[in-house]
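# Understanding the architecture of this molecule
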Amino acid sequence: MDWVERTAQLRQWTRSGVRAPHKPLLFLYALSRFQQDADGELRYSAVEQDLRRLLAEYGPGNRTTPAYPFHHLVSDGVWEVRTERGTGSPGTGVRELRATGAAGRLTPELRSALRREPSLLGRMTRVLLDLNFPPSLHGELCEAVGLELEEAETGRLSAACRQRDRRMREMVLTAYEYQCAFCGYDGRIGAVPVGLEAAHVRWWAFDGPDDIDNGLCLCSLHHKLLDKGVLGIGDGHRILVSQSFVGRSTAAREHVITLAGRPVTGPQPGVRPIAAAHRSWHTSQVFHGSPRHAATTV
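What counts, and at which threshold
- Residues numbered from 1 in each chain as written.
- Predicted model: local features only at pLDDT ≥ 70, side-chain atom pairs only at ≥ 80, totals over all residues.
- Heavy atoms only, no water.
- Salt bridge = Lys/Arg side-chain N within 4 Å of Asp/Glu carboxyl O.
- Helix = DSSP H or I, 4+ residues; strand = E, 2+ residues; numbered from the N terminus.
- Axes fitted to C-alpha atoms, helices over the stretch in contact; angles between N-to-C directions.
- Contact = heavy atoms within 4.5 Å.
- Nonpolar A, V, L, I, M, F, W, Y, C, P; charged D, E, K, R; others polar.
- Buried < 20%, exposed > 50% of the residue type's maximum accessible area, 1.4 Å probe, protein only.
- Pairing = 2+ DSSP bridges.
- pLDDT = per-residue confidence, 0-100.

By the definition in use, this model includes 13 salt bridges. A salt bridge links D39 to R115, with the shortest nitrogen-to-oxygen separation between them at 2.5 Å. Here D39, found in the loop between α2 (22-36) and β1 (42-43), pairs with R115, found in helix α6 (residues 108-116); they are 76 residues apart in sequence, far enough to count as distant. We note a salt bridge from E48 to R98, for which the minimum N-O separation is 2.8 Å. Pair noted here: E48 is in helix α3 (residues 44-58) and R98 is in helix α5 (residues 94-99), with a separation of 50 residues, a long-range link. Put simply, E57, E140, K224 and K228 are held in one network by salt bridges that share partners.

For the pair α6 and helix α7 (residues 119-132), the least separation of the axes is 6 Å and the interaxial angle reads 115°. Residues L110, A113 and L114 of α6 touch α7, and the partners they reach there are L120, L121 and M124. Among the residues making up the contact of α6 with α7, the classes are represented as six nonpolar, no polar and no charged.

Most of strand β2 (residues 79-83) sits inside the fold, with four of its five residues counted as buried. Here β2 pairs with strand β4 (residues 103-106) via four bridges, running antiparallel. Of the residues in β4, the one forming a bridge with V81 is G104. Bridging between β2 and strand β3 (residues 86-87) involves two bridges; their strand directions are antiparallel. Among the inter-strand pairings, T83 is bridged to a residue of β3, identified as G86. Between the antiparallel neighbours β2 and β3 lie two residues.

What follows deals with the confidence of the model for the protein chain. Residue-level pLDDT values for the protein chain average 88, and 89% of them are 70 or greater. Here residues 154-163 scores under 50 on pLDDT; set against residues more than four positions off or in separate chains, the count is 16 contacts.

With that settled, the discussion passes to the environment of R115. On the basis of relative accessibility, which here comes to 43%, the residue R115 falls in the partly exposed class. Distance from R115 to Q35, taken between C-alpha atoms, is 9.8 Å for residues 80 residues apart in sequence. Those residues in contact with R115, other than ones at most four positions away along the chain, are F34, A38 and D39.

Here's what the structure looks like:
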(Lines give C-alpha, C1' and ligand atoms only; values in the text may rest on other atoms or scores of the structure.)
Protein backbone atom coordinates (compact mmCIF):
# COMPACT_ATOMS: atom_id res chain seq x y z
CA MET A 1 0.00 0.00 0.00
CA ASP A 2 1.50 3.36 -1.06
CA TRP A 3 0.57 5.73 1.73
CA VAL A 4 2.05 8.76 0.00
CA GLU A 5 -0.08 8.12 -3.08
CA ARG A 6 -3.14 7.61 -0.89
CA THR A 7 -2.38 10.92 0.83
CA ALA A 8 -2.21 12.66 -2.53
CA GLN A 9 -5.60 11.23 -3.52
CA LEU A 10 -7.72 12.33 -0.57
CA ARG A 11 -11.31 12.67 -1.72
CA GLN A 12 -12.13 16.36 -1.58
CA TRP A 13 -15.09 18.29 -2.86
CA THR A 14 -13.83 20.33 -5.80
CA ARG A 15 -15.45 22.63 -8.32
CA SER A 16 -13.86 25.42 -10.33
CA GLY A 17 -10.90 25.80 -8.00
CA VAL A 18 -12.94 25.92 -4.77
CA ARG A 19 -10.73 25.20 -1.77
CA ALA A 20 -11.65 22.37 0.60
CA PRO A 21 -8.66 21.90 2.92
CA HIS A 22 -10.71 20.34 5.74
CA LYS A 23 -9.39 16.79 5.40
CA PRO A 24 -5.75 17.85 4.82
CA LEU A 25 -5.83 20.02 7.94
CA LEU A 26 -7.25 17.21 10.09
CA PHE A 27 -4.73 14.78 8.57
CA LEU A 28 -1.81 17.11 9.37
CA TYR A 29 -3.14 17.50 12.91
CA ALA A 30 -3.48 13.72 13.29
CA LEU A 31 0.08 13.14 12.06
CA SER A 32 1.30 15.64 14.64
CA ARG A 33 -0.60 13.91 17.45
CA PHE A 34 0.73 10.52 16.30
CA GLN A 35 4.21 11.98 16.61
CA GLN A 36 3.46 12.92 20.22
CA ASP A 37 1.54 9.76 21.18
CA ALA A 38 1.49 6.96 18.63
CA ASP A 39 -1.35 5.08 20.34
CA GLY A 40 -3.43 8.02 21.53
CA GLU A 41 -6.93 8.86 20.31
CA LEU A 42 -8.32 12.27 19.45
CA ARG A 43 -11.61 12.69 21.27
CA TYR A 44 -13.74 15.05 19.18
CA SER A 45 -14.87 17.16 22.13
CA ALA A 46 -11.23 17.67 23.19
CA VAL A 47 -9.83 18.66 19.79
CA GLU A 48 -12.85 20.47 18.34
CA GLN A 49 -11.54 23.94 19.20
CA ASP A 50 -8.08 23.19 17.79
CA LEU A 51 -9.63 22.00 14.53
CA ARG A 52 -12.03 24.94 14.42
CA ARG A 53 -9.10 27.33 14.80
CA LEU A 54 -7.15 25.65 11.99
CA LEU A 55 -10.15 25.81 9.66
CA ALA A 56 -10.75 29.48 10.50
CA GLU A 57 -7.12 30.42 9.93
CA TYR A 58 -6.16 28.26 6.96
CA GLY A 59 -9.49 27.40 5.36
CA PRO A 60 -11.61 29.49 2.98
CA GLY A 61 -13.83 32.30 4.19
CA ASN A 62 -16.97 30.16 4.34
CA ARG A 63 -17.02 28.39 7.68
CA THR A 64 -17.30 24.60 7.97
CA THR A 65 -17.64 22.67 11.20
CA PRO A 66 -14.67 20.42 12.10
CA ALA A 67 -17.20 17.58 12.40
CA TYR A 68 -17.21 17.37 8.59
CA PRO A 69 -13.61 16.14 8.10
CA PHE A 70 -13.70 14.17 11.39
CA HIS A 71 -16.42 11.98 9.88
CA HIS A 72 -15.53 12.00 6.18
CA LEU A 73 -11.78 11.32 6.41
CA VAL A 74 -12.74 7.72 7.31
CA SER A 75 -13.63 7.10 3.65
CA ASP A 76 -10.00 7.64 2.59
CA GLY A 77 -8.65 4.66 4.52
CA VAL A 78 -6.24 6.65 6.69
CA TRP A 79 -8.52 7.47 9.65
CA GLU A 80 -10.89 5.59 11.92
CA VAL A 81 -13.58 6.76 14.35
CA ARG A 82 -14.96 4.96 17.39
CA THR A 83 -17.69 5.92 19.83
CA GLU A 84 -18.90 4.56 23.13
CA ARG A 85 -21.16 2.32 21.06
CA GLY A 86 -18.31 0.79 19.08
CA THR A 87 -16.55 1.21 15.74
CA GLY A 88 -17.89 3.76 13.26
CA SER A 89 -18.65 7.46 13.12
CA PRO A 90 -22.14 8.63 14.13
CA GLY A 91 -22.12 11.14 11.27
CA THR A 92 -21.30 14.80 10.78
CA GLY A 93 -23.53 16.13 13.55
CA VAL A 94 -21.54 18.03 16.17
CA ARG A 95 -23.94 17.04 18.95
CA GLU A 96 -23.76 13.36 18.06
CA LEU A 97 -19.96 13.38 17.95
CA ARG A 98 -19.82 15.03 21.34
CA ALA A 99 -22.57 12.97 22.98
CA THR A 100 -21.23 9.59 21.85
CA GLY A 101 -17.65 10.34 22.94
CA ALA A 102 -16.45 10.00 19.36
CA ALA A 103 -12.68 9.64 19.04
CA GLY A 104 -10.52 9.29 15.95
CA ARG A 105 -7.00 8.27 15.09
CA LEU A 106 -4.92 7.02 12.17
CA THR A 107 -5.79 3.50 11.04
CA PRO A 108 -3.78 0.62 12.55
CA GLU A 109 -2.17 -0.11 9.18
CA LEU A 110 -0.96 3.47 8.79
CA ARG A 111 0.28 3.64 12.37
CA SER A 112 2.29 0.45 11.78
CA ALA A 113 3.75 1.85 8.56
CA LEU A 114 4.80 5.08 10.31
CA ARG A 115 6.52 3.08 13.06
CA ARG A 116 8.40 0.94 10.54
CA GLU A 117 9.43 3.88 8.38
CA PRO A 118 9.70 7.16 10.33
CA SER A 119 10.58 9.17 7.20
CA LEU A 120 7.12 8.36 5.82
CA LEU A 121 5.59 11.02 8.05
CA GLY A 122 7.69 13.72 6.41
CA ARG A 123 6.85 12.55 2.89
CA MET A 124 3.14 12.51 3.63
CA THR A 125 3.40 15.96 5.18
CA ARG A 126 5.11 17.30 2.05
CA VAL A 127 2.29 16.00 -0.13
CA LEU A 128 -0.43 17.49 2.07
CA LEU A 129 1.28 20.88 2.12
CA ASP A 130 2.29 21.04 -1.54
CA LEU A 131 -1.14 20.03 -2.86
CA ASN A 132 -3.19 22.30 -0.60
CA PHE A 133 -1.24 25.38 0.54
CA PRO A 134 1.25 27.92 -0.84
CA PRO A 135 4.92 27.59 0.16
CA SER A 136 4.78 30.75 2.28
CA LEU A 137 2.49 28.96 4.76
CA HIS A 138 4.22 25.57 5.00
CA GLY A 139 6.52 26.24 7.94
CA GLU A 140 3.83 28.17 9.78
CA LEU A 141 1.33 25.35 9.31
CA CYS A 142 3.76 22.78 10.72
CA GLU A 143 4.12 24.98 13.80
CA ALA A 144 0.35 25.50 14.05
CA VAL A 145 -0.42 21.77 14.14
CA GLY A 146 2.65 20.94 16.24
CA LEU A 147 4.57 18.89 13.68
CA GLU A 148 8.24 18.66 14.58
CA LEU A 149 10.25 17.76 11.52
CA GLU A 150 14.00 17.45 11.24
CA GLU A 151 15.61 20.60 9.84
CA ALA A 152 16.70 18.81 6.66
CA GLU A 153 13.19 17.41 6.20
CA THR A 154 11.60 20.83 6.73
CA GLY A 155 13.98 22.29 4.15
CA ARG A 156 12.72 19.82 1.56
CA LEU A 157 9.02 20.30 2.22
CA SER A 158 8.37 22.45 -0.82
CA ALA A 159 11.33 21.85 -3.09
CA ALA A 160 9.16 21.56 -6.18
CA CYS A 161 7.28 24.77 -5.39
CA ARG A 162 10.50 26.69 -4.69
CA GLN A 163 11.87 25.71 -8.09
CA ARG A 164 8.73 27.03 -9.76
CA ASP A 165 9.07 30.26 -7.82
CA ARG A 166 12.69 30.63 -8.94
CA ARG A 167 11.69 30.34 -12.58
CA MET A 168 9.00 32.95 -12.16
CA ARG A 169 10.76 35.23 -9.69
CA GLU A 170 12.98 37.22 -12.02
CA MET A 171 10.17 37.77 -14.52
CA VAL A 172 7.79 39.08 -11.85
CA LEU A 173 10.33 41.23 -10.01
CA THR A 174 11.42 42.80 -13.30
CA ALA A 175 7.81 43.47 -14.34
CA TYR A 176 7.20 45.32 -11.06
CA GLU A 177 10.59 47.06 -11.21
CA TYR A 178 11.86 45.44 -8.01
CA GLN A 179 9.41 47.07 -5.66
CA CYS A 180 6.49 45.76 -3.62
CA ALA A 181 3.27 46.33 -5.55
CA PHE A 182 1.48 47.16 -2.29
CA CYS A 183 3.88 49.34 -0.28
CA GLY A 184 6.70 50.25 -2.65
CA TYR A 185 9.46 48.60 -0.58
CA ASP A 186 12.55 48.12 -2.77
CA GLY A 187 15.38 47.09 -0.41
CA ARG A 188 18.69 45.78 -1.69
CA ILE A 189 22.05 44.68 -0.39
CA GLY A 190 24.37 46.02 -3.06
CA ALA A 191 22.73 44.95 -6.31
CA VAL A 192 20.77 42.08 -4.76
CA PRO A 193 17.09 42.65 -3.77
CA VAL A 194 16.21 41.45 -0.27
CA GLY A 195 12.79 40.78 1.21
CA LEU A 196 11.07 40.79 -2.20
CA GLU A 197 9.20 37.73 -3.43
CA ALA A 198 7.16 36.59 -6.42
CA ALA A 199 3.68 35.83 -5.10
CA HIS A 200 1.06 33.73 -6.88
CA VAL A 201 -2.40 35.31 -6.65
CA ARG A 202 -4.15 32.06 -7.56
CA TRP A 203 -2.20 29.38 -5.70
CA TRP A 204 -0.17 26.93 -7.76
CA ALA A 205 -1.84 24.05 -5.88
CA PHE A 206 -5.18 25.22 -7.32
CA ASP A 207 -4.16 25.54 -10.97
CA GLY A 208 -2.53 28.94 -10.58
CA PRO A 209 -0.14 29.24 -13.54
CA ASP A 210 3.43 30.54 -13.47
CA ASP A 211 2.32 33.42 -15.70
CA ILE A 212 3.03 37.10 -15.28
CA ASP A 213 -0.70 37.87 -14.98
CA ASN A 214 -0.85 35.61 -11.89
CA GLY A 215 2.20 37.09 -10.19
CA LEU A 216 2.91 40.04 -7.92
CA CYS A 217 6.17 41.38 -6.61
CA LEU A 218 5.57 41.75 -2.87
CA CYS A 219 7.65 42.29 0.22
CA SER A 220 7.77 39.32 2.60
CA LEU A 221 5.16 40.86 4.93
CA HIS A 222 2.59 41.60 2.26
CA HIS A 223 3.16 38.24 0.56
CA LYS A 224 2.30 36.45 3.82
CA LEU A 225 -0.75 38.69 4.38
CA LEU A 226 -1.96 38.03 0.82
CA ASP A 227 -1.70 34.27 1.37
CA LYS A 228 -3.44 34.53 4.77
CA GLY A 229 -6.38 36.44 3.26
CA VAL A 230 -5.73 39.72 5.08
CA LEU A 231 -5.03 41.44 1.76
CA GLY A 232 -6.50 41.00 -1.68
CA ILE A 233 -6.94 42.73 -5.03
CA GLY A 234 -10.30 44.15 -6.04
CA ASP A 235 -11.82 45.81 -9.07
CA GLY A 236 -9.66 48.44 -10.66
CA HIS A 237 -6.62 46.63 -9.25
CA ARG A 238 -7.10 48.30 -5.90
CA ILE A 239 -5.89 46.75 -2.66
CA LEU A 240 -8.42 45.05 -0.40
CA VAL A 241 -7.87 44.93 3.37
CA SER A 242 -10.06 42.60 5.40
CA GLN A 243 -12.36 44.09 8.02
CA SER A 244 -11.41 41.09 10.14
CA PHE A 245 -7.85 42.36 10.48
CA VAL A 246 -7.20 44.15 13.77
CA GLY A 247 -4.05 46.14 14.44
CA ARG A 248 -3.82 49.02 16.88
CA SER A 249 -0.14 49.86 16.51
CA THR A 250 1.22 52.57 14.24
CA ALA A 251 3.03 49.88 12.25
CA ALA A 252 -0.18 47.89 11.65
CA ARG A 253 -1.99 51.03 10.61
CA GLU A 254 0.73 52.26 8.25
CA HIS A 255 1.69 48.91 6.71
CA VAL A 256 -1.75 47.30 6.44
CA ILE A 257 -4.87 49.30 7.23
CA THR A 258 -3.99 52.39 5.19
CA LEU A 259 -3.49 50.22 2.11
CA ALA A 260 -7.27 49.85 1.74
CA GLY A 261 -8.39 51.23 -1.61
CA ARG A 262 -4.92 52.11 -2.85
CA PRO A 263 -4.07 51.12 -6.43
CA VAL A 264 -1.58 48.31 -6.96
CA THR A 265 1.76 49.73 -8.10
CA GLY A 266 2.78 48.27 -11.47
CA PRO A 267 3.39 46.36 -13.54
CA GLN A 268 5.35 48.48 -15.99
CA PRO A 269 3.65 49.45 -19.28
CA GLY A 270 3.25 46.62 -21.75
CA VAL A 271 3.06 43.90 -19.07
CA ARG A 272 -0.26 42.18 -18.35
CA PRO A 273 -1.72 43.05 -14.91
CA ILE A 274 -3.32 40.44 -12.67
CA ALA A 275 -6.02 38.62 -14.62
CA ALA A 276 -9.59 39.10 -13.41
CA ALA A 277 -10.08 35.34 -13.06
CA HIS A 278 -7.13 35.03 -10.68
CA ARG A 279 -8.24 38.04 -8.64
CA SER A 280 -11.74 36.60 -8.35
CA TRP A 281 -10.42 33.21 -7.24
CA HIS A 282 -8.34 34.79 -4.48
CA THR A 283 -11.23 36.96 -3.31
CA SER A 284 -13.62 34.00 -3.04
CA GLN A 285 -11.20 31.33 -1.78
CA VAL A 286 -8.57 33.12 0.33
CA PHE A 287 -9.64 36.65 1.30
CA HIS A 288 -11.36 36.73 4.68
CA GLY A 289 -14.61 38.58 5.24
CA SER A 290 -15.51 41.93 3.72
CA PRO A 291 -13.03 44.61 2.63
CA ARG A 292 -12.49 47.80 4.59
CA HIS A 293 -13.47 51.10 3.09
CA ALA A 294 -10.65 53.25 1.82
CA ALA A 295 -9.29 55.64 4.40
CA THR A 296 -10.40 59.24 3.95
CA THR A 297 -8.00 62.13 4.26
CA VAL A 298 -8.87 65.37 5.97
